[in-house]
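This is what each chain is made of:
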Amino acid sequence: MSYHIASDEQIEKTLIKVLKKFRIVESQIKLKKLVEKELRKKKKKYSVSGGRLRKIAVNSSYVKLEIHTREGDPKKPMAKCPVCGGNLKKLRNLTIWGGEVTIELRCSKCNYWTGKKKRIPTRYVFHYKKK
Ligand SMILES: [Zn+2]
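A short tour of the structure in this document, coming up. (Residues numbered from 1 in each chain as written. Predicted model: local features only at pLDDT ≥ 70, side-chain atom pairs only at ≥ 80, totals over all residues. Heavy atoms only, no water.)

What to know about the packing of aromatic side chains
Okay, step 1: Taken as a whole, this structure holds one aromatic pair when the rule is applied.
Okay, step 2: An angle of 15° between the planes, with centres 6.3 Å apart, marks the rings of Y62 and Y128 as stacked. Residue Y62 is found in the loop between α3 (50-59) and β2 (63-72), and its partner Y128 is found in strand β6 (residues 118-128); the two are separated by 66 residues along the sequence.
Okay, step 3: Of the residues examined, Y62 reaches a relative accessible area of 24% and is grouped as partly exposed.
Okay, step 4: Residue class for Y128 comes out buried when judged on its relative accessible area of 14%. (Phe/Tyr/Trp six-rings, centres within 6.5 Å; stacked < 30°, edge-to-face > 60°. Helix = DSSP H or I, 4+ residues; strand = E, 2+ residues; numbered from the N terminus. Buried < 20%, exposed > 50% of the residue type's maximum accessible area, 1.4 Å probe, protein only.)

Here's what the structure looks like:
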């Protein structure tokens, strides 16, 4: 069985259609299934990877991504955003009580952030965002 590769535009269009209908999709796996089902209405077999779908969702102004996380190893360095692969920006916050500096990493593309205790994404919830 061969699969067709959908273009980014095709995926985004379908993704918006699915989200417009369901408003909230509770996981990436569920979203992948819904998008593939919708794409297959065009009589072709399409396969979309979850990661690609998520990256397209991050870049779409119609999608609000909610990131659920668990705590990860604080010593493990994080070079890129685990959600979208974007660059992480280092932010330093001075506490009002003086002294202590907390460093936060923030993604330049999506709403992912992490502190000293690493936030490892475990589940994504996709919301439809009206423009
Ligand atoms: Zn990101």
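Observations regarding the side chain of T114
Okay, step 1: Locating T114 in the fold gives a position in strand β5 (residues 113-114).
Okay, step 2: Looking at T114, its side chain comes within polar contact range of the main-chain nitrogen of R119, at 2.9 Å.
Okay, step 3: Among residues more than four places away in sequence, those in contact with T114 are M78, I103, E104, L105 and R119. (Polar contact = N/O pair within 3.5 Å; in protein donor to acceptor, adjacent residues only side chain to side chain. Contact = heavy atoms within 4.5 Å.)

What about helix α2 (residues 28-39)?
Okay, step 1: For α2, spanning 12 residues, the distance from its first C-alpha to its last is 16 Å, which sits close to the expected 16 Å at 1.5 Å a residue.
Okay, step 2: Regarding α2, the residues found buried are Q28, L31, L34, V35, E36, E38 and L39.
Okay, step 3: Here the buried face of α2 lies against α1 (8-22), β1 (24-25), α3 and β6. (Expected span 1.5 Å × (residues − 1).)

Things to note about the packing of α1 against α3
Okay, step 1: For the pair α1 and α3, the least separation of the axes is 10 Å and the interaxial angle reads 75°. Compared by their axis directions, α1 and α3 come out roughly perpendicular. Mapping the contact onto sequence places D8, I11, E12 and L15 in α1 and R52, L53, I56 and A57 in α3.
Okay, step 2: Classifying every residue of the contact of α1 with α3 gives five nonpolar, no polar and three charged. (Axes fitted to C-alpha atoms, helices over the stretch in contact; angles between N-to-C directions. Parallel < 35°, antiparallel > 145°, perpendicular 65-115°, else oblique. Nonpolar A, V, L, I, M, F, W, Y, C, P; charged D, E, K, R; others polar.)

Comments concerning the coordination of the zinc ion
Okay, step 1: Within the protein, C81 (SG), C84 (SG), C107 (SG) and C110 (SG) serve as the donor atoms for the zinc ion, at 2.3 to 2.4 Å.
Okay, step 2: For the zinc ion, the four donor atoms are set out with angles of 101 to 115° between them, so the coordination reads as tetrahedral. (Donors = N, O, S within 2.8 Å, 3.2 Å for Na, K, Ca; no water. Tetrahedral: all angles 85-135°; square planar, octahedral: opposite > 155°, others 65-115°.)

Things to note about the side chain of R119
Okay, step 1: Structurally, R119 is set in strand β6.
Okay, step 2: E104 is the oppositely charged side chain nearest to the buried, salt-bridge-free R119, at an N-O distance of 8.3 Å.
Okay, step 3: At a separation of 3.5 Å, a polar atom in the side chain of R119 contacts the side chain of T69.
Okay, step 4: Ignoring anything within four residues of it in the chain, the contact list for R119 reads I67, T69, R70, M78, Y112, W113 and T114. (Lys, Arg positive; Asp, Glu negative; His and termini not counted. Salt bridge = Lys/Arg side-chain N within 4 Å of Asp/Glu carboxyl O.)

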